[in-house]
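The residues making up each chain are set out below.
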Amino acid sequence: MHILDASDPAALDAALGDAVFDIIIDDGSHRSEHVIATFGACFRRLAPRGIYIVEDLHASYWPDWGGRYRAPGSSIEFLKTLVDALHADHFAPWDTGIPEDERARLVVQGAEITRVTFHDSIAVIERGSDTRSAPYPPRLKRRRSRPGCDFTGPRGRIARGIGRHRRVLGPRGAG
Ligand SMILES: C[S@@+](CC[C@H](N)C(=O)[O-])C[C@H]1O[C@@H](n2cnc3c(N)ncnc32)[C@H](O)[C@@H]1O
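Everything numeric in this text was worked out from a predicted model, so none of it was measured.

Novice: I'd like a rundown of helix H2 (residues 32-42), residues and numbers included.
Specialist: All of the buried residues in H2 are Ser-32, Val-35, Thr-38 and Phe-39. Each buried residue of H2 sits inside an arc of 130° when the element is viewed along its axis, so together they form one side. On its buried side, H2 packs onto strand S1 (21-26), strand S2 (46-54) and helix H3 (75-86).

Novice: Residues and numbers for the site of the ligand, please.
Specialist: As a matter of local geometry, the ligand sits amid Asp-5, Ala-6, Ser-7, Asp-27, Gly-28, Ser-29 and His-34. Along the lines of polarity and charge, the residues of the shell around the ligand split into one nonpolar, four polar and two charged.

Novice: Break down the pairing of strand S3 (residues 113-119) for me, citing the residues and quoting the values.
Specialist: Pairing geometry for S3 and strand S4 (residues 122-127), over six bridges, is antiparallel. Considered in S4, the bridge of Thr-117 is made with Val-124. Taken together, S3 and the strand that follows it, S4, pair antiparallel across an intervening segment of two residues, in which Ser-121 is found at a positive phi of about 75°.

Novice: Lay out the pairing of S2 with the relevant residues and their values.
Specialist: Two strands pair when backbone bridges link them, and S1 and S2 are joined in this way by five bridges, in the parallel orientation. Bridge pairing in S2 links Ile-24 to Tyr-52. Where the polypeptide runs from S1 across H2 and back to S2, its parallel neighbour, the crossover connection is right-handed. As judged from the four bridges shared by S2 and S4, these two strands associate in the antiparallel manner. The residue of S4 that forms the bridge with Ile-51 is Glu-126.

Novice: Got a sec to walk through the packing of H3 against helix H4 (residues 100-112)? Specific residues and values, please.
Specialist: For the pair H3 and H4, interaxial distance at closest approach is 7 Å and the crossing angle is 85°. With respect to their mutual orientation, H3 and H4 come out roughly perpendicular. On the side of H3, the interface is formed by Asp-84, Ala-85 and Leu-86, while H4 contributes Leu-106, Gln-109 and Gly-110. For the contact of H3 with H4, a count of residues per class yields three nonpolar, two polar and one charged.

Novice: Before we move on, can you summarise the nonpolar core with the specific residues and values?
Specialist: Grouped together as the largest cluster of nonpolar side chains are 13 residues, with contacts concentrated most on Tyr-52, Val-54, Leu-57, Ala-123 and Ile-125. Where this core is concerned, the elements lending two or more residues are H2, S2, H3 and S4. If near-sequence neighbours (up to four positions away) are discounted, Ile-125 is found in contact with Ile-51, Tyr-52, Leu-82, Ile-113 and Val-116. Formed by five residues, the second largest nonpolar core is a distinct cluster that contains Ala-88, Phe-91, Leu-106 and Val-107.

Novice: I'd like a rundown of the environment of Arg-127, residues and numbers included.
Specialist: Note that Arg-127 resides in strand S4. With 24 C-beta atoms packed within 10 Å, Arg-127 lands in the buried category. Here the alpha-carbon distance between Arg-127 and Thr-114, two residues 13 residues apart in the chain, equals 5.5 Å. Residues in contact with Arg-127, not counting those within four places in the same chain, are Leu-46, Pro-48, Arg-49, Gly-50, Glu-112, Ile-113 and Thr-114.

About the cut-offs
- Residues numbered from 1 in each chain as written.
- Predicted model: local features only at pLDDT ≥ 70, side-chain atom pairs only at ≥ 80, totals over all residues.
- Buried ≥ 20, exposed ≤ 12 C-beta atoms within 10 Å, placed from the backbone.
- Helix = DSSP H or I, 4+ residues; strand = E, 2+ residues; numbered from the N terminus.
- Arc of directions from axis to C-beta.
- Contact = placed C-beta atoms within 7 Å.
- Near = placed C-beta within 6 Å.
- Nonpolar A, V, L, I, M, F, W, Y, C, P; charged D, E, K, R; others polar.
- Pairing = 2+ DSSP bridges.
- Right-handed = clockwise from strand over helix to strand, strands pointing away.
- Axes fitted to C-alpha atoms, helices over the stretch in contact; angles between N-to-C directions.
- Parallel < 35°, antiparallel > 145°, perpendicular 65-115°, else oblique.
- Core = buried A, V, L, I, M, F, W, Y, C linked by C-beta atoms within 7 Å.

Given below as structure tokens:
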């Protein structure tokens, strides 16, 4: 057993080396800043297909715990951004409403996540398998040969835009 600050990457490195886990449960302080920092420190220690569970998310709505309804910086608002990350491959390349650094961060984060589920007070985030590669562009490529598919329109531009992004960021699951 190790007793340490789960939001401290250096402490985790010192105690755990490069160990990864099938299940990680955050049942710590439930303060929003700790939940977010712990996710940042621990999610990379999730094994392929592992699940990360955050408990007692009702605290995210409580001001005394660093939260409030729709409060920027609350843990539930952070976890909602993982839903965006899950869909980052589908962002339209010409959507100027997404800052480039945020788009890039969400694409990289989305590459590691395969499922996000919310329950009452609990979020479950599932890591993809190491072997998963970008599913969206190949699926589009397969459809290209189907009759009636026009890839010169907006969806074609989406596919080309994602391809450009991938070349910059590397394959899904890298890093
Ligand atoms: C709600 S209790 C849950 C304890 C245990 N999981 C259980 O079910 O009995 C929260 C525990 O998380 C610990 N804790 C709070 N912040 C932590 C952090 N950053 N890293 C590791 N543990 C933390 C507290 O010391 C406390 O023991």
